[in-house]
2 protein chains.
Amino acid sequence: MPELRKDPVVGRWVIMSTERSKRPTDFNKSHEQRKGGPCAFCDGNETQTPPEVLAYRDHGSAPNEPGWRVRAVPNKFPALRIEGTPGRRGVGQYDMMNGIGAHEVIIETPDHDRGLADQDPHQIEEVLWAYRDRVLDLARDERFRYVLIFKNHGAEAGASLEHPHSQLIALPIIPLSVQQELRGANDYYQLKERCIFCDIVSQEAQDRSRVLLENDNFIVICPFAARFPFELLLAPKAHSSHFEFATATEYRALSQSLKSTLGALKTALNDPPFNYIIHSAPLREAESKHFHWHLEITPALTRVAGFEVGTGFYINPVPPEDAATHLRKVLADGAGAEVIPLKAQAL
Amino acid sequence: MPELRKDPVVGRWVIMSTERSKRPTDFNKSHEQRKGGPCAFCDGNETQTPPEVLAYRDHGSAPNEPGWRVRAVPNKFPALRIEGTPGRRGVGQYDMMNGIGAHEVIIETPDHDRGLADQDPHQIEEVLWAYRDRVLDLARDERFRYVLIFKNHGAEAGASLEHPHSQLIALPIIPLSVQQELRGANDYYQLKERCIFCDIVSQEAQDRSRVLLENDNFIVICPFAARFPFELLLAPKAHSSHFEFATATEYRALSQSLKSTLGALKTALNDPPFNYIIHSAPLREAESKHFHWHLEITPALTRVAGFEVGTGFYINPVPPEDAATHLRKVLADGAGAEVIPLKAQAL
């Protein structure tokens, strides 16, 4: 049984995933990824995954058979176990609990070779609805306090499988980064009686220098204090604390924003590895006036080493204004077209 | 001029290092490192570095000439600039300041091929004194609030040069991880009127399962909630908040602990890439009852991707008790001897 252990000083929870345990010589330093389909996530190979927990299907198709458009299945090598009680307990001064949780894969398409950047926005919208439906289902389990929704794209960003997919992890705890954002947003609200994210959206929309794109419902910016080159933030313009309670219009707007943003990244940086993650308020908490859900994209262009991890301090060689200018130019030239020869462009 | 920018939500400062700016295609994904000496840090090549700011030398040798044992020089490609005023200012709701600071390299030995694990403990002690002397010198500059002392070993841990060296960055701000530790330690002190690190040292010394080694003044443990396989914490047993005010006995004890620990890691994991970093209380602050300085070692065996960065949530496949057992066995067998064939050992 995996364990969840809490760092006593900073309150960070860690999964001790004993079942994934490796010998010291087994660490995969090269992060290899088998290239080319078909794979277990491909159309027709449904029996190679655990049985689906969700699928959007065409009429007349049966569960775990072809005919799906988006499909969610339990992770074959879960970091946490679904069965069991939280079992919170102390070990001397330390806090720990059983490693319970859900770990699922959302297969974004039956097509091995079509990533989100190249999808029809309607397909991306279905992926977002799948995220939502899984969160709402898992939120009924009162053991869980948070669902992390994330995507690793490319071997260097931690994706061990090439077929386009996202993941979710339902947790009995709130991850440290979310705790920090909740605390920071709450402090700001106490001071100003305004949502800090609403203020960011409003300042950025006026300033324009860090805006990549904007539609009626969403804004995409390179954050003022971006940690990474070409880091991006997608936020709904209307205040709302929970991703899973967004409106149909917002999911549509987000799917269009995501398509353009990922398309621009792919074109500008030659299909870079990236991660994205949705930050939302904890499950079942009432709508919050101070927290505002959003999606963070971090291209994995620079290696994160112990220095950054040990200090929480980042050195970013590309100011967000330069990244935004560059991505806007790519969008104006028509993202999804050919790769622009970047060497000829000044950054 | 580089800039320091603050994330408005979580308070994390980031260096926008425009002078190190790269074109998008220039990101070095392979993290290559030129192998083999001699290099600019080697004996006889002193003129290839900026003039030294510190050197421990033999009698009769002149600055920037051979005859040194440990030498500190400004980084040739500094992330921050030493000249200028902090220039704290707002940009709308955002906070920023000029990217002032010191960025130095501590060359640990004239010998290109002898890493810390293979050094005489006396040489390691001199490296620690060099850290201390540089911190005390930089602390006189009231613009600086913190000095980060860290070491990247191996290309995968971010070391672009092979010659054994450490780095320090003097900053006008306190890095987020240190802020978090200060806050957590302070919260604990308010509750218990005890130092949380003293309590950790005492529980670990009694429990033994996570202790790698211990001498009169230091203890080396695999932390209870380690984020990484074989992560290690070295802490002085007597309470003390500032690294730079440690006693001569403590520097000697730390040098012996470091030698054994790095030797065990090198033997056990075949000279793995690693980072270490010293966490100390902010410069010029009075001795603190709640903060306790320490050194964190994080082997870079697993890649840190956007998931960890975006969540502050880690999955560690090697429980610290297993790592400690393994490293103790290596120490008992005589670290520095041959590499033990780990495949034959159960973890």
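Just so we're clear, the structure is a prediction, and the values are computed from it rather than from any experiment.

Trainee: In this structure, what is going on with the overall build of chain A? I would like to understand it.
Mentor: Scanning chain A from terminus to terminus reveals 6 helices and 15 strands. Radius of gyration (C-alpha) of chain A: 20 Å, near the 20 Å computed for a compact globule of 347 residues. With respect to the three principal axes, the spread of C-alpha positions in chain A is 55 × 55 × 45 Å. In chain A, which comprises 347 residues, the proportion classed as buried is 52%.

Trainee: How should I be thinking about the sheet that holds strand 2 (residues 13-16) of chain A in this particular structure?
Mentor: Hydrogen bonds along the backbone pair up the strands of a sheet, which may run parallel or antiparallel. The mixed open sheet is built from 5 strands, whose spatial order is 5(A)-6(A)-1(A)-2(A)-15(B). Edge positions in the sheet fall to strand 5 (89-91) of chain A together with strand 15 (314-316) of chain B, since each has one partner strand and no second. The mean inter-strand angle of the sheet, taken between neighbouring strand axes irrespective of direction, is 30°.

Trainee: Explanation requested: the nonpolar core in the structure shown.
Mentor: Most often, soluble globular proteins have nonpolar side chains that are buried together. If you look at the biggest cluster of nonpolar residues, it comprises 194 residues, and the most contacted ones within it are A:Val147 and B:Val147. Leave out the neighbours within four places in its chain, and B:Val147 touches B:Val135, B:Leu138, B:Leu168, B:Ala170 and B:Leu283.

Trainee: For this particular structure, what's the right way to read the interface of chain B and chain A?
Mentor: When the parts come together, some accessible area is lost, and that loss is often what is quoted as the size of the interface. Each partner contributes to the interface: chain B provides 78 residues, whereas chain A provides 78 residues. With 6 residues, helix 2 (residues 176-192) of chain B is the largest single contributor of residues to the side of chain B that touches chain A. Grouping the constituent residues of the side of chain B that touches chain A by class yields 40 nonpolar, 23 polar and 15 charged. Strand direction decides the pairing type here: strand 15 (residues 314-316) of chain A and strand 2 (residues 13-16) of chain B, joined by 3 bridges, are parallel. Residue pairing for strand 2 of chain B: A:Asn316 is matched across the bridge by B:Met16.

Trainee: Help me out: how do you make sense of the environment of A:Met16 in this one?
Mentor: Along the chain, A:Met16 falls in strand 2. With 64 residues separating them along the chain, A:Met16 and A:Leu80 place their C-alpha atoms 9.3 Å apart. In contact with A:Met16, other than residues within four places in its own chain, are A:Pro2, A:Glu3, A:Arg5, B:Asn316 and B:Pro319.

Trainee: Honestly, the pairing of strand 8 (residues 146-153) of chain A in this entry has me stumped. Any pointers?
Mentor: Walk down a regular strand and you will see the side chains alternate between the two sheet faces. Residue and element names in this part refer to chain A. Within strand 8, 8 of the 8 residues are buried, leaving the element largely enclosed by the surrounding structure. Judged from the 5 bridges that link them, strand 8 and strand 9 (residues 165-171) form a sheet pairing that is antiparallel. Across the sheet, Val-147 pairs through a bridge with Ala-170, a residue of strand 9. Strand direction decides the pairing type here: strand 8 and strand 13 (residues 274-279), joined by 5 bridges, are antiparallel. By the bridge assignment, Ile-149 is partnered in strand 13 with Ile-278.

Trainee: Just to check I follow, could you spell out the sheet that holds strand 3 (residues 54-57) of chain A for this structure?
Mentor: All names here are of chain A. Pairing in this open sheet of 10 strands is antiparallel, and the strands run 3-4-7-9-8-13-14-12-11-10 from one edge to the other. Strands with a single pairing partner mark the edges of an open sheet, and in this sheet they are strand 3 and strand 10 (211-214). Between one strand axis and the next, the sheet turns through 15° on average, direction left out of account. The strands that helix 1 (residues 121-139) touches are strand 3, strand 4 (68-74), strand 7 (102-107), strand 8 and strand 9; relative to strand 4, the one it contacts most, it runs at about 35°.

Trainee: Would you explain the domain arrangement of chain A in this entry?
Mentor: All names here are of chain A. Domains assigned within chain A are domain 1 (1-8 + 36-173) and domain 2 (175-304 + 313-337). The C-alpha-based centres of domain 1 and domain 2 are spaced at 22 Å. If you look at the interface, domain 1 gives 26 residues, while domain 2 gives 23 residues. Listing elements by their share of the side of domain 1 that touches domain 2, those giving two or more residues are helix 1 and strand 8. With 9 residues, the top contributor of residues to the side of domain 1 that touches domain 2 is helix 1. In the side of domain 1 that touches domain 2, the residues fall into 17 nonpolar, 4 polar and 5 charged.

Trainee: Would you explain the relation of the copies chain B and chain A in this entry?
Mentor: Both copies of the chain are related through a single rotation about an axis accompanied by a shift along the same axis. Rotating chain B by 180° about the axis while translating it 0.0 Å along that axis superimposes it on chain A, leaving an RMSD of 0.0 Å. Considering both components of the superposition, the chain copies are consistent with a two-fold axis. Rotation axis and chain B: the residue whose C-alpha lies nearest the axis is B:Val304, separated from it by 3.1 Å.

Trainee: Sorry, what's going on with helix 4 (residues 248-269) of chain A here?
Mentor: Given 3.6 residues to a turn, an α-helix orients residues that are three or four positions apart in the same direction. A rise of 1.5 Å per residue sets the reference length of helix 4 of chain A, with its 22 residues, at 32 Å; its end C-alpha atoms lie 31 Å apart and thus fit the reference within 8%. Within helix 4 of chain A, 18 of the 22 residues are buried, which leaves it mostly tucked inside the rest of the structure.

Trainee: Help me out: how do you make sense of the packing of helix 1 of chain A against helix 4 of chain A in this one?
Mentor: Pairs of packed helices are described in terms of their axes, by the angle between the two and the distance that separates them. Residues and elements named next belong to chain A. Two elements in contact, helix 1 and helix 4, have axes separated by 8 Å at closest approach and are oriented at 120°. Considering the angle they form, helix 1 stands oblique to helix 4. The two elements helix 1 and helix 4 cross, and the hand of that crossing is right-handed. Packed against helix 1, whose contacting residues are Pro-121, Ile-124, Glu-125, Leu-128 and Trp-129, the element helix 4 presents Tyr-251, Arg-252, Leu-254, Ser-255, Gln-256, Leu-258 and Lys-259 at the interface. In the contact of helix 1 with helix 4, the residues fall into 7 nonpolar, 2 polar and 3 charged.

Trainee: Before we go on, may I ask you to explain unusual backbone geometry in this structure?
Mentor: In terms of backbone geometry, most residues other than glycine have negative phi values and most peptide bonds are trans. Here A:Gly37 and A:Pro38 are connected by a cis peptide whose omega angle stands at -10°. You can see A:Pro38 is positioned in the loop between strand 2 and strand 3. For A:Asn64, which is not a glycine, the phi torsion comes out positive at approximately 60°. The backbone phi angle of B:Glu193 is positive, close to 55°, even though this residue is not glycine.

Trainee: I would appreciate a short explanation of helix 6 (residues 320-332) of chain B in the present structure.
Mentor: Residue and element names in this part refer to chain B. Its 13 residues place the ends of helix 6 18 Å apart at the C-alpha level, agreeing with the 18 Å of an ideal helix rising 1.5 Å per residue. Taken residue by residue, helix 6 has Pro-320, Asp-322, Ala-323, Ala-324, His-326, Leu-327 and Val-330 as its buried positions. The inward-facing, buried residues of helix 6 abut strand 10 (211-214) and helix 4 (248-269). Of the residues trailing helix 6, Gly-334 is marked for its positive phi of about 95°.

Trainee: Please explain the confidence of the model for chain A as it appears in this structure.
Mentor: Do not read the fine detail of predicted coordinates wherever pLDDT is low. Averaged over all residues, the pLDDT of chain A is 90; the fraction at 70 or higher stands at 92%. This stretch, residues 336-347 of chain A, has a pLDDT under 50; its non-local contacts, to residues over four places away or in other chains, come to 19 contacts.

Trainee: I tried to follow the environment of B:Ile124 on my own but got confused; where do I start?
Mentor: Residue and element names in this part refer to chain B. When you line up the elements, Ile-124 lands in helix 1 (residues 121-139). For the pair Ile-124 and Ser-255, spaced 131 residues apart in the sequence, the C-alpha separation amounts to 5.4 Å. Apart from the residues within four sequence positions on either side, Ile-124 is in contact with Leu-116, Gln-119, Ser-255, Leu-258 and Lys-259.

Trainee: Would you take a moment to explain the packing of helix 4 of chain A against helix 6 (residues 320-332) of chain A for this structure?
Mentor: All names here are of chain A. Where helix 4 contacts helix 6, the two axes come as close as 9 Å, and the packing angle between them is 100°. By the angle class used here, helix 4 and helix 6 are roughly perpendicular. Seen from helix 4, the contacting residues are Ser-260, Ala-264, Thr-267 and Ala-268; seen from helix 6, they are His-326, Leu-327, Val-330 and Leu-331.

Trainee: Looking at this model, I keep getting lost on the environment of B:Ala253. Mind explaining?
Mentor: Residues and elements named next belong to chain B. Inspection of the secondary structure puts Ala-253 in helix 4. Residues Ala-253 and Pro-74 lie 179 residues apart in sequence; the distance between their C-alpha atoms is 28 Å. Excluding its chain neighbours within four sequence positions, the residues that come into contact with Ala-253 are Asn-215, Asp-216, Asn-217 and Phe-218.

How each quantity is defined
Residues numbered from 1 in each chain as written. Chains lettered and ligands numbered in written order. Predicted model: local features only at pLDDT ≥ 70, side-chain atom pairs only at ≥ 80, totals over all residues. Helix = DSSP H or I, 4+ residues; strand = E, 2+ residues; numbered from the N terminus. Rg over C-alpha atoms; globule rule 2.2 N^0.38 Å. Buried ≥ 20, exposed ≤ 12 C-beta atoms within 10 Å, placed from the backbone. Pairing = 2+ DSSP bridges. Axes fitted to C-alpha atoms, helices over the stretch in contact; angles between N-to-C directions. Core = buried A, V, L, I, M, F, W, Y, C linked by C-beta atoms within 7 Å. Contact = placed C-beta atoms within 7 Å. Nonpolar A, V, L, I, M, F, W, Y, C, P; charged D, E, K, R; others polar. Domains from an automatic or database assignment. Least-squares fit on C-alpha atoms with pLDDT ≥ 70 in both. Expected span 1.5 Å × (residues − 1). Parallel < 35°, antiparallel > 145°, perpendicular 65-115°, else oblique. Left-handed = near helix turned anticlockwise from the far one by under 90°. pLDDT = per-residue confidence, 0-100.

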